[in-house]
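These are the residues of each chain, in order.
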2 protein chains.
Amino acid sequence: MNDRKGVLVILSGPSGSGKDTVLSELVARNDDIRVSISMTTRKKREGEIDGIHYYFVDRDYFKKKIDEGSMLEYAEYAGNYYGTPKAPVDEMLRNGINVVLEIEVQGADKIRRMYPDVVSIFLMPPSLSTLEARIRTRGTEDEETIAHRLFIAEQEIRRADEFGYVIVNDTVTDAVEAFETIIRAEKLKVSRNKQIISEVTGNV
Amino acid sequence: MNDRKGVLVILSGPSGSGKDTVLSELVARNDDIRVSISMTTRKKREGEIDGIHYYFVDRDYFKKKIDEGSMLEYAEYAGNYYGTPKAPVDEMLRNGINVVLEIEVQGADKIRRMYPDVVSIFLMPPSLSTLEARIRTRGTEDEETIAHRLFIAEQEIRRADEFGYVIVNDTVTDAVEAFETIIRAEKLKVSRNKQIISEVTGNV
């Protein structure tokens, strides 16, 4: 019923909004949805697996990929490169797999320019106080870090209106269902079904 | 989770695409979706009920409504006016009801200008031969009429790309589910959730 190509989805949202939890549930429930794996130059930590958590590469290789234009987006944090290699994303899309990129709010712009039909979703905490509670539950940060994270989160939420859709993460199940609904509806967009229209009228 | 306002949906599609069947199933399954009732100056036929099948009014009343700007759209066929009164649609939308307007392909433009956030869906037969079979099953038309209807249908399908979404009506159940999916996804659009974003950041 739809064109075969997968849908490319950007997922952003403040730290503590529950992106990872929603994505692992989403991928577990849907064979045709995958999360793009980032490439990084940082050292592999204990328990991390190359090709699952990240593609671990050295600096020269990463720089070569940037120069070749093979990175969808990349950034440098704390002396390490992080980014999304373009080739595996394009291959999955061609094979009808819907690909989710988990990306910083600032990184979303670049992707939108390269893929005009990208679907962008902002995952929103139900309230700032819920977000604060979630960050505190992790129990790994001091007061100053928590305050700083909340400040950043509020800045990011103010940019939510640059996205196409917003999902308020009240419960993981509802958020995952909303995500699935958006992908299903996007596949019904006329812009993704030009071929079907031609086929029915016989102008293939 | 969403703003309270209902979503306005235009449904178009060639005669024989199954609009009426899909809409009656859709409305039966969803308390929050209603189909707008048209106003007409034509005589009431046996079995038709005022306020259910149409609002039956006289010519003077209809013309007054046009002059007042109270019609969303209207047209004259075979000497009778047919149109959509604006007030009941606006009231349902305000009350959070999603309203479907079943409208000719040509009428959709006017609605888009008045309601920029209208969602437009084109209901497509799986093929022209299926459409032909459906028209023949009705058994009420001669060869010339059938050929003419198929010609018109093909012209309309060529305009499907003016719509936002396309649903291929393979089975009624799948088409109804696709319709529900589109409405649910549309309610997650950032443009319909500005208030939620403000509430979370506390800038109400």
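Residues numbered from 1 in each chain as written. Chains lettered and ligands numbered in written order. Predicted model: local features only at pLDDT ≥ 70, side-chain atom pairs only at ≥ 80, totals over all residues.

## Some words on the overall build of chain A
To be explicit about the condition: Helix and strand assignments follow DSSP, with helices taken as H or I runs no shorter than four residues and strands as E runs no shorter than two, numbered in order from the N terminus. Computation of the radius of gyration draws on C-alpha atoms, with the globule rule given as 2.2 Å multiplied by the number of residues to the power 0.38. Put simply, a residue is buried when 20 or more other C-beta atoms lie within 10 Å of its own C-beta and exposed when 12 or fewer do; between those, it is partly exposed, and each C-beta is set from the backbone. The contact criterion used here is simple: two residues whose C-beta atoms, placed from the backbone, lie within 7 Å are in contact.
In terms of regular secondary structure, chain A is built from eight helices and nine strands. Against the 2.2 N^0.38 benchmark of 17 Å for 204 residues, chain A shows a C-alpha radius of gyration of 18 Å, consistent with a compact globule. In terms of principal-axis extent, the alpha carbons of chain A reach across some 65 × 40 × 30 Å. Residue burial in chain A is summarised as follows: out of 204 residues, 32% are buried. Residue pairs at least 24 apart in sequence account for 69% of intrachain contacts in chain A once pairs closer than 6 positions are excluded.

## A look at helix α7 (residues 172-186) of chain A
Counted only if it meets this: To estimate how far a helix should extend, the number of its residues minus one is multiplied by 1.5 Å.
Between its first and last C-alpha, α7(A) extends 21 Å over 15 residues, near the 21 Å set by a 1.5 Å rise per residue. Among all positions in α7(A), only A175(A), V176(A), A178(A), F179(A), T181(A), I182(A), I183(A), A185(A) and E186(A) are buried.

## A few points about the relation of the copies chain B and chain A
Each of the two chain copies can be generated from the other by rotation about an axis followed by a shift along it. Put simply, the rule reads: To superpose the copies, least squares is applied to the C-alpha atoms of every residue with a pLDDT of at least 70 in both.
Laying chain B over chain A is done by rotating through 180° and shifting 0.0 Å along the axis; what remains is an RMSD of 0.0 Å. Given the turn and translation reported, the copies of this chain are related as if by a two-fold rotation axis. A share of 100% of the interface residues of chain B reappears at the interface of chain A, consistent with the copies meeting face to face through the same patch.

## A few points about the sheet that holds strand β8 (residues 119-124) of chain A
Residues and elements named next belong to chain A. Definition in use: Two strands form a pair only when DSSP identifies at least two bridges running between them. Fitting a line to C-alpha atoms yields each axis, with helices limited to the stretch in contact; the angle taken between N-to-C directions then spans 0 to 180 degrees.
One open sheet holds the five strands; their spatial order is β2-β7-β1-β8-β9, and the pairing between them is parallel. Only two strands of the sheet have a single neighbouring strand rather than two, namely β2 (33-35) and β9 (165-168). Between one strand and the next, the sheet's axes are offset by a mean angle of 25°, whatever the strand orientation. Of the strand pairs in this sheet, strand β1 (residues 8-12) and strand β7 (residues 98-102) are connected by four bridges, and their pairing is parallel. Paired with V9 across the bridge in β7 is V100.

## Overview of the interface of chain B and chain A
Taken together, the contacts link 33 residues of chain B with 33 residues of chain A. Going through the elements one at a time, β8 (119-124), α6 (143-158), β9 (165-168), α7 (172-186) and α8 (194-201) of chain B are the ones with two or more residues in the side of chain B that touches chain A.

## A look at the nonpolar core
To be explicit about the condition: Structurally, a nonpolar core is described as a collection of buried Ala, Val, Leu, Ile, Met, Phe, Trp, Tyr and Cys residues joined by way of C-beta atoms within 7 Å.
Within the largest apolar cluster, 84 residues are counted, with the highest numbers of intra-cluster contacts made by I121(A), I167(A), I121(B) and I167(B). Residues in contact with I167(B), not counting those within four places in the same chain, are L188(A), I121(B), L123(B), M124(B), A175(B), A178(B) and F179(B).

## Looking at unusual backbone geometry
The phi dihedral of A78(A) falls on the positive side, at around 50°, and the residue is not glycine. By the element assignment, A78(A) lies in the loop between β5 (71-77) and β6 (80-85).

## Notes on the pairing of β9(B)
All names here are of chain B. Here β9 shows a buried face lined by Y165 and I167 and a second buried face lined by V166 and V168. Pairing geometry for β8 and β9, over four bridges, is parallel. When the bridges of β9 are listed, M124 appears paired with V168.

## As for the confidence of the model for chain A
Low-confidence regions, as indicated by low pLDDT, have predicted coordinates that should not be scrutinised in detail. Residue and element names in this part refer to chain A. Test applied: Confidence per residue, as judged by the predictor, is encoded in pLDDT with a range of 0 to 100.
Scored by pLDDT, chain A has a mean of 91; 98% of the residues are at 70 or more. Mean pLDDT per element in chain A: helix α8 (residues 194-201) is the minimum at 82, and α7 is the maximum at 98. Here the prediction assigns the complex a pTM of 0.89, and the interface score ipTM is 0.87.

## Section: the pairing of β1(A)
Residues and elements named next belong to chain A. Within β1, five of the five residues are buried, which leaves the element mostly enclosed by the surrounding structure. Side chains L8, I10 and S12 of β1 all project onto a buried face; the interleaved residues V9 and L11 project onto the opposite face, where all are buried too. Bridge count between β1 and β8: four bridges; the pairing is parallel. Looking at β8, one finds that S12 is bridged to F122.

## Regarding the sheet that holds β8(B)
Residue and element names in this part refer to chain B. Taken in spatial order, the five strands make up an open sheet running β2-β7-β1-β8-β9, and their pairing is parallel. Strands with a single pairing partner mark the edges of an open sheet, and in this sheet they are β2 (33-35) and β9. Neighbour-to-neighbour, the strand axes of the sheet open up by a mean angle of 25°, direction not taken into account. With respect to the sheet, helix α1 (residues 19-29) is in contact with β1 (8-12), β2, β7 (98-102) and β8, its orientation differing from that of β2 by roughly 140°.

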